[in-house]
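Letter by letter, the chains look like this.
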Amino acid sequence: MDQQTIFLTILGMMAVTYVPRALPLLALAQRTLPESVVRWLGFIPVAVLSAMLLPSLVITEKGLDFSADNIFLWAAIPTFAVCWKTKSFVGAIVTGMGCVALGRLFFA
Amino acid sequence: MNCATLSSTNRAESPLVSAFRQTLPIILGYVPVGFAYGVLAQKSGLSGVNTILMSLLVFAGSAQLIAVGLFAAKAAPLAIVATTFVVNLRHLLMSAALAPYLRGWSKSRLALFSYQMTDETFALHVGRFARGETGPGETFGINVIAQSAWVGGTVLGLAASTLITDIRPIGLDYALPAMFIALLLGQLKSRQHLAVAVIAGVLSTVLMLAGLDQSHVLAATVIAATIGLGVHAWTSRQSS
């Protein structure tokens, strides 16, 4: 693909990314929402984060993978533990990346 | 001085300093992921300019990583745009979740804010806004600092791409899952939230295994949040 086509694709990506980010804020911010809608929206952060995270941990190219080879899954345990204990965002990322690097070094 | 500034933890702190302090974890998350994106984009045939432009114009971590994979696989431009749309559609829900807190803001300010709303800035803002900290200086400071870290990481990745042949041995591809783990733990405010998270994760996994490769996140999120609302309505009726 030539660079001009890539650039036009990026502009397309920009448009389809911006509209869903802006539309609800522009449409909903000026009005009072019913309590149930606000409560529903309050569940969105945990739901969306978990829905993005879990498949990346348990699904590999082999499908559902709970084998010892699935480094992403097992690295999540110390990452969770460190984050839980220290409340440190950075600590969690360093732990996770470190475990994956070590796992690949010794077991892959 | 507006009330948002007064309610922040340190009253003497300027909005920019406070923004930087709060954004620090995001910076440390974005630089390695942006770096990984920069390296991968180079290996997928994007020019340096296009690689940086994508971080400036799109600013969406996971979508950018998925897109460079598609560019490398020679996918059609329309397929790449459509995938980006589906992957980023979750921001629709995040944007709606922030709306109740930003009622006093003008349309143009909301339009500008939306441009830099990512998973991570959302997770930070949802906590701040709930505490009444909606000061525009600090809010936009956080967004600009976060995107600068993302673009900075991209540039570093571009510069280093010739030195790094494989990102796997240093675990860079785990930066994103680790960041989601940390953000998720910060959002588990109650047992109901925990239950919604478990349902969403399991459902998303099942849907992805069933072949729903791009819309599983959105579908699982909507269903899990709706179940959470139903359970809440049911338990509050039981106790009243």
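Small disclaimer: the values here were computed from a predicted structure and weren't measured.

S.K.: Sorry if this is basic, but what is going on with the overall build of chain B here?
M.R.: When helices and strands are tallied, chain B shows twelve helices and zero strands. The C-alpha atoms of chain B give 19 Å as radius of gyration, which agrees with the globular expectation for 240 residues (18 Å, within 12%). Split into buried and exposed, the 240 residues of chain B put 47% on the buried side. Counted over contacts in chain B with a minimum sequence separation of 6, partners at least 24 positions apart contribute 78%.

S.K.: Is there a simple way to explain the overall build of chain A in this structure?
M.R.: A tally of helices and strands in chain A yields four helices and two strands. Taken from the N to the C terminus, the helices and strands of chain A come in the order α-α-β-β-α-α. When its C-alpha atoms are laid out on the principal axes, chain A stretches across 55 × 50 × 30 Å. When the 108 residues of chain A are sorted by exposure, 45% land in the buried category.

S.K.: Teacher, can you tell me more about the UniProt feature "transmembrane region" (unreviewed entry) in chain A here?
M.R.: Residue and element names in this part refer to chain A. The UniProt record marks residues 6-28, 40-60 and 89-107 with the feature "transmembrane region" (unreviewed entry), using the residue numbering of this structure. Across residues 6-28, helical content stands at 100% and strand content at 0%; the span's end C-alpha atoms are separated by 34 Å. With 90% helix and 10% strand, the stretch residues 40-60 has end C-alpha atoms that lie 32 Å from each other.

S.K.: Looking at this structure, I do not really get the confidence of the model for chain B. What am I missing?
M.R.: Close inspection of predicted coordinates is inappropriate for parts of the model with low pLDDT. All names here are of chain B. Per-residue confidence for chain B gives a mean pLDDT of 87, with 94% of residues at or over 70. At the low end of the mean pLDDT range in chain B sits helix α1 (residues 3-7), at 37; at the high end sits helix α3 (residues 48-57), at 98. Counted against residues more than four places away or in other chains, residues 1-9, with its pLDDT under 50, gives 16 contacts. Reported confidence for the predicted complex is 0.85 by ipTM and 0.76 by pTM.

S.K.: Please clarify how the interface of chain A and chain B should be interpreted in this entry.
M.R.: Put simply, an interface is often sized by how much accessible area is lost when its parts join up. Listed per partner, the contact involves 67 residues of chain A and 82 residues of chain B. The set of elements that each furnish at least two residues to the side of chain A that touches chain B consists of α1 (3-28), α2 (35-58), β2 (63-64), α3 (71-86) and α4 (89-107) of chain A. Among the residues forming the side of chain A that touches chain B, the class breakdown is 51 nonpolar, 13 polar and three charged.

S.K.: Explain α3 of chain B here, please?
M.R.: The periodicity of an α-helix, 3.6 residues per turn, causes residues three or four places apart in sequence to face the same way. For α3 of chain B, every residue scored as buried is listed here: T51, M54 and S55 of chain B. What you see down the axis of α3 of chain B is that its buried residues fit within an arc of 95°, all on one side. Along its buried surface, α3 of chain B packs onto α1 of chain A together with α2 (15-43), α4 (61-72) and α9 (136-160) of chain B. Phi turns positive, to about 50°, at F59 of chain B, one or two residues after α3 of chain B.

S.K.: Can you walk me through the nonpolar core in this structure?
M.R.: Considering soluble globular proteins, one finds that nonpolar side chains tend to be buried as a cluster. In this structure, A47 of chain A together with A175 of chain B are the most contacted members of the largest nonpolar core, which totals 100 residues. The element contributing the most residues to this core is α2 of chain A, with 14 residues. Look past the residues within four positions of A175 of chain B in its chain and what remains in contact with it is I93 and M97 of chain A together with G29, P32, V33 and A36 of chain B.

S.K.: Help me out: how do you make sense of the packing of α3 of chain A against α4 of chain A in this one?
M.R.: The description of two packed helices rests on the angle between their axes and on the distance between the axes. Residues and elements named next belong to chain A. The geometry of α3 relative to α4 is characterised by a closest axis approach of 8 Å and an angle of 150° between their N-to-C directions. Relative to α4, the element α3 lies roughly antiparallel. The hand of the α3/α4 crossing is right-handed. Here I71, F72, A75, P78, T79, V82, C83 and T86 of α3 lie close against α4, whose contacting residues are G91, A92, T95, G96, C99, V100, G103 and R104. Among the residues making up the contact of α3 with α4, the classes are represented as nine nonpolar, six polar and one charged.

S.K.: Looking at this structure, how should I read unusual backbone geometry?
M.R.: What you tend to see is this: most non-glycine residues have negative phi, and most peptide bonds are trans. Residue and element names in this part refer to chain B. Although it is not a glycine, F59 sits at a positive phi angle of roughly 50°. Structurally, F59 can be placed in the loop between α3 and α4. What makes F59 buried here is the crowd of 23 C-beta atoms within 10 Å.

S.K.: Hey, could you run me through the packing of α3 of chain B against α9 of chain B in this one?
M.R.: Residue and element names in this part refer to chain B. Packing of α3 against α9 brings their axes to within 9 Å, and their N-to-C directions diverge by 160°. In terms of orientation, α3 and α9 fall into the roughly antiparallel class. Where α3 crosses over α9, the handedness of that crossing is right-handed. Counting all contacts with α3, which are made through G48, T51, I52, S55 and L56, the residues of α9 involved are W150, V151, T154, V155 and L158. A class-by-class count of the residues in the contact of α3 with α9 yields six nonpolar, four polar and no charged.

S.K.: Before we go on, may I ask you to explain helix α12 (residues 216-239) of chain B in this structure?
M.R.: The end-to-end C-alpha distance of α12 of chain B, which contains 24 residues, comes to 34 Å, matching closely the 34 Å that a straight helix rising 1.5 Å per residue would cover. Within α12 of chain B, the full set of buried residues consists of H216, V217, L218, A220, T221, A224, A225 and G228 of chain B.

Reading the values: rules and limits
- Residues numbered from 1 in each chain as written.
- Chains lettered and ligands numbered in written order.
- Predicted model: local features only at pLDDT ≥ 70, side-chain atom pairs only at ≥ 80, totals over all residues.
- Helix = DSSP H or I, 4+ residues; strand = E, 2+ residues; numbered from the N terminus.
- Rg over C-alpha atoms; globule rule 2.2 N^0.38 Å.
- Buried ≥ 20, exposed ≤ 12 C-beta atoms within 10 Å, placed from the backbone.
- Contact = placed C-beta atoms within 7 Å.
- UniProt positions renumbered as here; feature names shortened; annotations may be inferred.
- pLDDT = per-residue confidence, 0-100.
- Nonpolar A, V, L, I, M, F, W, Y, C, P; charged D, E, K, R; others polar.
- Arc of directions from axis to C-beta.
- Core = buried A, V, L, I, M, F, W, Y, C linked by C-beta atoms within 7 Å.
- Axes fitted to C-alpha atoms, helices over the stretch in contact; angles between N-to-C directions.
- Parallel < 35°, antiparallel > 145°, perpendicular 65-115°, else oblique.
- Left-handed = near helix turned anticlockwise from the far one by under 90°.
- Expected span 1.5 Å × (residues − 1).

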